[in-house]
Amino acid sequence: MNELKPLGIYVHIPFCRSKCEYCDFYSIGGSRDKRLVDDYLQALNVHFKETGPRAGDYVVDTVYFGGGTPSYFGADGLRRIFAEIQHRFRVDKDAEITFEANPDSVTVPLLKKLRAEGFNRMSLGVQSDDDAMLKRLGRPHNYEQARAAVQLARSYGFDNISLDLMYGLPGQTFEQWDQTLRHVLRLRPEHMSCYGLKVERGTPLWTYRESADLPTDDVQADMYLAAVRILNEAGYEQYEISNFARPGFESRHNLKYWLGEEYVGFGPAAASDFAGKRYTYRPDLGTYIRGLLSQDVSILSECETIPPRERAGEYVMLRLRTSRGISPEEYEKSYLMPFEPLLNVIRPMAESGYFLFQGGRWRLTPEGFLLSNQIIARLQEAQEQSEPLAKKR
């Protein structure tokens, strides 16, 4: 019998209590329409039924409920979805089962029901410990609710908790960010994600960005390096540009994206890299429901088979987001492309302090992570100009 391949499942929950000022993820703010929710659950079930037979050679070792706000969706809906996943797919008994939550929607019934169902990881959107800032961002919670949510989750057996924070917020100073990190660390999460605020076109924040008093790029860079230093001192290892974990608590699901492993997504705007193809669904809940229940409209926004050279470029781009970095031997063996052109770009950058060579792998330093987009673009340019090893021979 062939060994089963690992697979991650992502389920998008496109419902929120309200939309934040900066959010450009696909979601619907406001009260939940029961009929819409029921139709969505039915559409998901159809989608699981269609996809399950294609995953016969896989074992699901991570399931991630993102959004939107899965906790706002409620425990009963999440349980129904997970039960159907277990029915249609082979789910490993030690799988990592994550749900995202906002502090205001974390309740005793939610935690009690989800923990009993097998959910074992919570990702909590804290963002800031400053209530005035949270209100300015359009967040529906305050910091006391975040603290209480962590404490409550602990009491119901969640021993793998991730907290999200944002820096570069309107009017935020370096000193305030430093204090936020030290304050939130008192909650002793197993995992921390620290994201720099990005002002995206189409969000409310975009319309008043010029008057938002946003920190400069240099201040944001200082904030980022401070997070790396403070979290490292507190025992958290930086394993990806924005993610830090105590040993053994890296997000197994998110690592799939960065290490080029297979995952399949469900729901509007969800993406997949599965069975040799990459595809994404249209960011429209009505279209998703109609496409699955009536079968009279396509739910796909794109679908493609990725050629080897592009896969090689993705290897460089995604692996350099992580502390594992890239291996010359692994690169040449997997993609039959020469590493020397990349090395010609890497060496001078290493002399400038942007790369380290450890254990046979090249990885970016924290200073290198700050310039990762420019560095990766140069590496991919060098890659595009090189010929495959087979042709050279």
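Look up: the structure comes first, before these words.
Keep in mind the model is a prediction, meaning the values are calculated, not measured.

J.: Account for the overall build of the chain, with residues named and values stated.
T.: On a plain count of helices and strands, the chain comes out with 17 helices and 16 strands. Seen through its principal axes, the chain has C-alpha atoms that stretch 60 × 55 × 40 Å. Put simply, of all contacts in the chain between residues at least 6 apart along the chain, 70% involve residues at least 24 apart. Surface accessibility of the chain: about 18500 Å² in total, with carbon and sulfur atoms responsible for 47%. Averaged over its 49 positive side-chain charges, the chain has a centre that lies 4 Å from the centre of its 54 negative ones.

J.: Residues and numbers for the environment of R324, please.
T.: Topologically, R324 is positioned in the loop between α12 (308-319) and α13 (328-335). With 85 residues separating them along the chain, R324 and Y239 place their C-alpha atoms 7.4 Å apart. Residue contacts for R324: discarding those within four places in its chain leaves L255, L259 and R361.

J.: Please set out helix α4 (residues 108-117) residue by residue, giving values where relevant.
T.: Every buried residue of α4 is accounted for by L110, L111 and L114. Buried residues of α4, seen end-on, are gathered within an arc of 90 degrees and therefore sit on one face of the element. Seen from the open side of α4, the exposed residues pointing more than 90 degrees away from its buried face are K112 and A116. At the N-terminal boundary of α4, the capping side chain belongs to T107, with an oxygen 3.2 Å from the backbone nitrogen of L110.

J.: Describe the packing of helix α14 (residues 340-351) against helix α16 (residues 372-384), with residues and values.
T.: As a packed pair, α14 and α16 sit with axes 8 Å apart at the nearest point and diverge in direction by 150 degrees. For the element pair α14 / α16, the angle class is roughly antiparallel. The two elements α14 and α16 cross, and the hand of that crossing is right-handed. Two secondary-structure elements touch here, α14 through P341, L342, V345, I346 and M349 and α16 through I375, R378, L379, A382 and Q383. Along the lines of polarity and charge, the residues of the contact of α14 with α16 split into 8 nonpolar, 1 polar and 1 charged.

J.: Kindly report on the pairing of strand β12 (residues 271-274), identifying the contributing residues and their values.
T.: Where β12 and strand β13 (residues 277-281) come together, 4 bridges link them in antiparallel fashion. When the sheet's bridge partners are listed, S272 is paired in β13 with Y279. Where β12 folds back on β13, the antiparallel hairpin that results is connected by 2 residues, among which A275 adopts a positive phi of roughly 55 degrees.

J.: An account of the layout of surface pockets is requested, with residue identities and associated values reported.
T.: Size it by volume and the second largest pocket reaches roughly 250 Å³. As for the second largest pocket, its lining consists of 14 residues, and the residues nearest its centre are H47, E50, R54, Y281 and I299. At the level of secondary structure, the elements contributing two or more residues to the lining of the second largest pocket comprise α1 (34-51), β13, α11 (285-293) and β14 (300-305). Here the lining of the second largest pocket is built from residues that sort into 7 nonpolar, 4 polar and 3 charged.

J.: Which residues make up the nonpolar core, and what values go with them?
T.: Side chains of a nonpolar character, in soluble globular proteins, are inclined to be buried together. Ranked by size, the top nonpolar core spans 96 residues in total, and within it F65, I81 and F99 carry the most contacts. Beyond its immediate chain neighbours, meaning those up to four positions away, F99 contacts F65, L110, L111, L114, F119, R121, M122, S123 and F158. Of all hydrophobic cores here, the second largest spans 10 residues; its members include C20, L137, L205 and A212.

J.: Explain unusual backbone geometry to me, using residue names and the numbers behind them.
T.: For the bond from G67 to G68, the omega torsion is 20 degrees, close enough to zero to count as cis. Among the secondary structure elements, G68 is positioned in the loop between β4 (58-67) and α2 (70-73). Located in the positive-phi region is A275, a residue other than glycine, with phi close to 55 degrees. Within the secondary structure, A275 is located in the loop between β12 and β13. Of note in the backbone geometry, Q295 takes a positive phi value of approximately 60 degrees without being a glycine. Turning to its location among the elements, Q295 is positioned in the loop between α11 and β14. Given a relative accessible area of 51%, Q295 falls into the exposed group.

J.: Describe the environment of E250, and please don't skip the residues or the numbers.
T.: Summarising the element assignment, E250 is placed in the loop between β10 (243-245) and α10 (252-258). Along the chain, E250 and N160 lie 90 residues apart, while their C-alpha atoms are 9.8 Å from each other. Setting aside residues up to four positions removed in sequence, E250 forms contacts with E96, H191, E237, Y239, A245 and L255.

J.: Mind laying out the side chain of K256, listing which residues take part and the relevant values?
T.: Along the polypeptide, K256 turns up in helix α10. Overall, the relative accessible area of 1% leaves K256 in the buried class. Side-chain polar atoms of K256 contact the side chain of D61, separated by 2.9 Å. Among all residues touching K256, those that are not within four sequence positions of it are P6, L7, G8, D61, T62, E261 and E262.

J.: If you had to explain the packing of aromatic side chains to someone new, which residues and values would you point to?
T.: One pass over the structure, following the stated rule, counts 23 aromatic pairs. Each ring, one from Y10 and one from Y64, has its centre 6.2 Å from the other, and the planes form 20 degrees; the classification is stacked. Highlighted residues: Y10 in strand β1 (residues 5-13) and Y64 in strand β4, separated in sequence by 54 residues. Exposure class is identical for Y10 and Y64. Each is buried. Between Y257 and Y263, the aromatic rings sit 4.6 Å apart at their centres with planes inclined by 80 degrees, giving edge-to-face as the arrangement. Judged by its relative accessible area of 24%, Y257 falls in the partly exposed class. Classification of Y263 as buried rests on a relative accessible area of 13%. Here a set of aromatic residues connected by ring pairs shows up, and it is made of F15, Y40, F73, Y279, Y281 and Y288. Positioned above the aromatic ring of F158 is the side chain of R115, whose terminal nitrogen or guanidinium carbon lies 5.8 Å from the ring centre. Over the aromatic face of W206 sits the side chain of R209, whose NZ or CZ is 3.8 Å from the ring centroid.

Definitions and limits used
- Residues numbered from 1 in each chain as written.
- Predicted model: local features only at pLDDT ≥ 70, side-chain atom pairs only at ≥ 80, totals over all residues.
- Heavy atoms only, no water.
- Helix = DSSP H or I, 4+ residues; strand = E, 2+ residues; numbered from the N terminus.
- Contact = heavy atoms within 4.5 Å.
- Areas by Shrake-Rupley, 256 points an atom, 1.4 Å probe, with all protein chains shown as cover.
- Lys, Arg positive; Asp, Glu negative; His and termini not counted.
- Charge placed at Lys NZ, Arg CZ, Asp CG, Glu CD.
- Buried < 20%, exposed > 50% of the residue type's maximum accessible area, 1.4 Å probe, protein only.
- Arc of directions from axis to C-beta.
- Polar contact = N/O pair within 3.5 Å; in protein donor to acceptor, adjacent residues only side chain to side chain.
- Axes fitted to C-alpha atoms, helices over the stretch in contact; angles between N-to-C directions.
- Parallel < 35°, antiparallel > 145°, perpendicular 65-115°, else oblique.
- Left-handed = near helix turned anticlockwise from the far one by under 90°.
- Nonpolar A, V, L, I, M, F, W, Y, C, P; charged D, E, K, R; others polar.
- Pairing = 2+ DSSP bridges.
- 1 Å grid on protein atoms, 1.4 Å probe; cavity = no way out; pocket = protein on both sides within 12 Å on 5 of 7 lines; lining within 4 Å.
- Points joined across faces, edges and corners; volume = space filled by probe spheres on them.
- Core = buried A, V, L, I, M, F, W, Y, C linked by side-chain atoms within 4.5 Å.
- Phe/Tyr/Trp six-rings, centres within 6.5 Å; stacked < 30°, edge-to-face > 60°.
- Lys NZ or Arg CZ within 6 Å of the ring centre and 35° of its normal.

Coordinates in, geometry out; function isn't part of it.
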